[in-house]
Amino acid sequence: MESQRVVFWYGCNVVRHGDIIHHAIDLLRAAGVEPEPAGGPGYCCGTQKDDKLQAAEGMAKRTVGKFNALGREQVVTWCPSCHRHMNSFMGQYTAANFSVSHFVQILHRNRERLAREFRHPVPRRVLLHKHVGFAEMDNLNELIADLLRLVPDLTLVETDYAAPGHMCSALQSVPAALKDVTQRLCQDARAAGVDEVATVFHSCQRLMCALEASEPFRVVNYVALLGAAMGREYPDEYKRWKTAGDAAQIAESVGADRIARMGEPVYNNAVLPELLRRPQK
């Protein structure tokens with residue numbers, strides 16, 4: 001049976017995490033969906049320009065227009081900010097000739113087919129790093145937990161706690177709140193003796209992966225666990241860089257050639273400060 005063709009809109013910020021994008025594409029294909037990837041600055045949802053309405057409107061019109069031109073009936077989102085912005089803002093300026101579903105919804109809808117591809121045991125104790133605040137999908141945590149329970153030999157540790165905000169980046173402007181979230185995550189993970197904490201979105205993975213340098217557990221995005229059940233593995237370069245150590249050690253880990261391709265001003269002014277940022281406990 002021919003796979004349904006969709007646009008997989010992974011957004012702007014997840015481009016730092018090639019491993020997540022590769023796993024997501026593999027999982028969509030295993031679920032019977034053939035993705036046409038679209039993302040990066042050219043497909044920005046405009047949420048970063050909300051304080052400049054004219055610029056945000058221009059980005060919204062451009063991105064929706066590009067999706068309309070692709071002629072697919074469905075756009076599958078990854079980023080929660082893109083998903084909510086499409087529904088609340090972008091579609092108000094340009095009529096969308098497509099439906100919008102979130103990546104997790106697609107996987108969960110096709111979970112029986114997906115489960116047949118989970119042939120590789122993943123013997124790990126896992127705590128899901130949950131958030132509230134993604135009102136467009138208030139059952140997101142439950143859907144991901146259902147998917148993780150399909151993985152052979154994986155033990156999902158259940159807790160009642162869910163952090164405020166739809167992802168960790170939403171808390172960076174409130175450092176005390178983010179510190180409380182980090183402390184609670186570490187306490188719960190240590191008490192449960194988990195091997196891994198599974199993040200939901202890229203923002204949480206980007207920040208919390210630094211905990212590996214000081215905590216007894218690993219931090220992975222949940223798609224890596226689903227991918228492992230299919231025998232797939234992609235290196236998390238961002239985590240390797242972030243846990244490398246000080247600025248000199250990070251630069252060595254990234255490599256001179258990679259820094260040159262980024263451009264030293266971009267690396268020094270944008271990339272390195274982000275890699276040096278650590279969650280406060």
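Below: a short report on this structure. (Residues numbered from 1 in each chain as written. Predicted model: local features only at pLDDT ≥ 70, side-chain atom pairs only at ≥ 80, totals over all residues. Heavy atoms only, no water.)

1. Digging into the sheet that holds strand β4 (residues 99-102)
Quick note on the threshold: Note: two strands are recorded as paired if DSSP finds a minimum of 2 bridges between them. A run of H or I in DSSP counts as a helix once it spans at least four residues, and a run of E counts as a strand once it spans at least two, with each numbered from the N terminus. Fitted lines through C-alpha atoms serve as axes, helices being fitted only where they are in contact, and the angles separating the N-to-C directions of these axes extend from 0 to 180 degrees. Residue contacts are defined here by distance: any two heavy atoms, one from each residue, within 4.5 Å place the two residues in contact.
The strand order across the open sheet built from 4 strands is β2-β1-β3-β4, with neighbouring strands paired in parallel fashion. Lying at the two open borders of the sheet, with one neighbouring strand each, are β2 (33-39) and β4. On average, each strand axis in the sheet is inclined to that of its neighbour by 30°, with strand direction left out of account. As defined by bridge partners, strand β1 (residues 4-11) adjoins strand β3 (residues 74-77) across 3 bridges and the pair is classed as parallel. Opposite tryptophan 9, over in β3, you have threonine 77 as the bridge partner. Where helix α1 (residues 18-30) meets the sheet, it contacts β1 and β2, and its direction lies at approximately 155° from that of β2.

2. What about the sheet that holds strand β7 (residues 196-199)?
Strand pairing in a sheet is mediated by backbone hydrogen bonds. Such pairs are either parallel or antiparallel. Strands sit in the order β6-β5-β7-β8 across an open sheet of 4 strands; the sheet is parallel. With partners counted over all chains shown, the strands left at the sheet margins are β6 (155-157) and β8 (218-221), one partner each. Each adjacent strand pair in this sheet contributes to an overall mean axis angle of 35°, direction not counted. Pairing between strand β5 (residues 125-128) and β6: 3 bridges, direction parallel. Each bridged residue has a counterpart across the sheet, and for leucine 127 the counterpart in β6 is valine 157. Sitting on the sheet, helix α6 (residues 140-148) is in contact with β5 and β6, with an inclination near 170° to β5.

3. Quick notes on unusual backbone geometry
Trans is the common state for peptide bonds, and a negative phi is the common state for residues other than glycine. You will see that aspartate 153, though not glycine, has its phi angle at about 70°, which is positive. Among the structural elements, aspartate 153 can be located in the loop between α6 and β6.

4. Some details on the packing of helix α11 (residues 247-254) against helix α13 (residues 264-276)
For clarity, the cut-off: Each angle gets one of four labels, with under 35 degrees taken as roughly parallel, over 145 as roughly antiparallel, 65 to 115 as roughly perpendicular, and the rest as oblique. Residues are sorted three ways: Asp, Glu, Lys and Arg are charged, Ala, Val, Leu, Ile, Met, Phe, Trp, Tyr, Cys and Pro are nonpolar, and all the rest, Gly among them, are polar.
For the pair α11 and α13, interaxial distance at closest approach is 11 Å and the crossing angle is 110°. Our classification of the angle between α11 and α13 gives roughly perpendicular. Contact residues: α11 offers Ala247, Ile250, Ala251 and Val254, while α13 offers Tyr267, Leu272, Leu275 and Leu276. Of the residues in the contact of α11 with α13, the class split is 8 nonpolar, no polar and no charged.

5. Section: the packing of aromatic side chains
Note the following rule: Aromatic rings from Phe, Tyr and Trp, taking only the six-membered ring of Trp, are treated as a pair when their centres fall within 6.5 Å; an angle between ring planes under 30 degrees marks them as stacked, one over 60 as edge-to-face, and anything in between as tilted. Working definition: with a 1.4 Å probe on protein chains only, accessible area under 20% of the residue-type maximum means buried, over 50% means exposed, and in between means partly exposed.
A full pass over the atoms with the stated rule returns 9 aromatic pairs. An angle of 90° between the planes, with centres 6.3 Å apart, marks the rings of tryptophan 78 and phenylalanine 201 as edge-to-face. Taken together, the residues span a long stretch of sequence, with tryptophan 78 in the loop between β3 and α3 (80-88) and phenylalanine 201 in the loop between β7 and α8 (202-208) at a distance of 123 residues. Its relative accessible area of 1% is what places tryptophan 78 among the buried residues. The exposure class assigned to phenylalanine 201 is buried, which follows from its relative accessible area of 2%. With 5.9 Å between their ring centres and 75° between their planes, phenylalanine 134 and phenylalanine 201 make a pair best called edge-to-face. In this pair, phenylalanine 134 is assigned in the loop between β5 and α6 and phenylalanine 201 in the loop between β7 and α8, connecting sequence segments 67 residues apart.

6. Digging into the pattern of salt bridges
Put simply, the rule is: The term salt bridge refers to a pairing of a side-chain nitrogen on Lys or Arg with a carboxyl oxygen on Asp or Glu at a separation within 4 Å.
The final tally for this structure, using the stated rule, is 17 salt bridges. Notably, a salt bridge pairs glutamate 117 with arginine 119, separated by 3.6 Å at the nearest N-O pair. What makes glutamate 117 partly exposed here is its relative accessible area of 28%. Taking relative accessible area as the criterion, arginine 119 reaches 60% and is therefore assigned exposed. Residues arginine 258 and glutamate 237 are paired through a salt bridge, measuring 2.9 Å at the closest nitrogen-oxygen approach. One end of the pair, arginine 258, is in helix α12 (residues 256-262); the other, glutamate 237, is in helix α10 (residues 237-242), with 21 residues separating them in the sequence. Accessibility expressed as a relative area gives 27% for arginine 258, which makes it partly exposed. By relative accessible area, glutamate 237 is classed as partly exposed at 29%. If you follow the salt bridges from partner to partner, you end up with Arg16, Arg206 and Glu274 in one network.

7. Remarks on the nonpolar core
Spelled out, the test is: Residues belong to one nonpolar core when they are buried, are Ala, Val, Leu, Ile, Met, Phe, Trp, Tyr or Cys, and are joined through side-chain atoms within 4.5 Å.
Of all hydrophobic cores here, the largest spans 77 residues; its most connected members are Trp78, Phe103 and Tyr222. If one sorts the elements of this core by residue count, α1 sits on top with 7 residues. If we skip the residues at most four places from it in the chain, tyrosine 222 touches Trp78, Phe103, Val104, Ile144, Leu148, Ala198, Thr199 and Val200. Among the nonpolar cores identified, the runner-up in size contains 9 residues, and Ile250, Ile259, Tyr267 and Leu275 belong to it.

Keep in mind that these numbers describe shape and distance, not what the molecule does.
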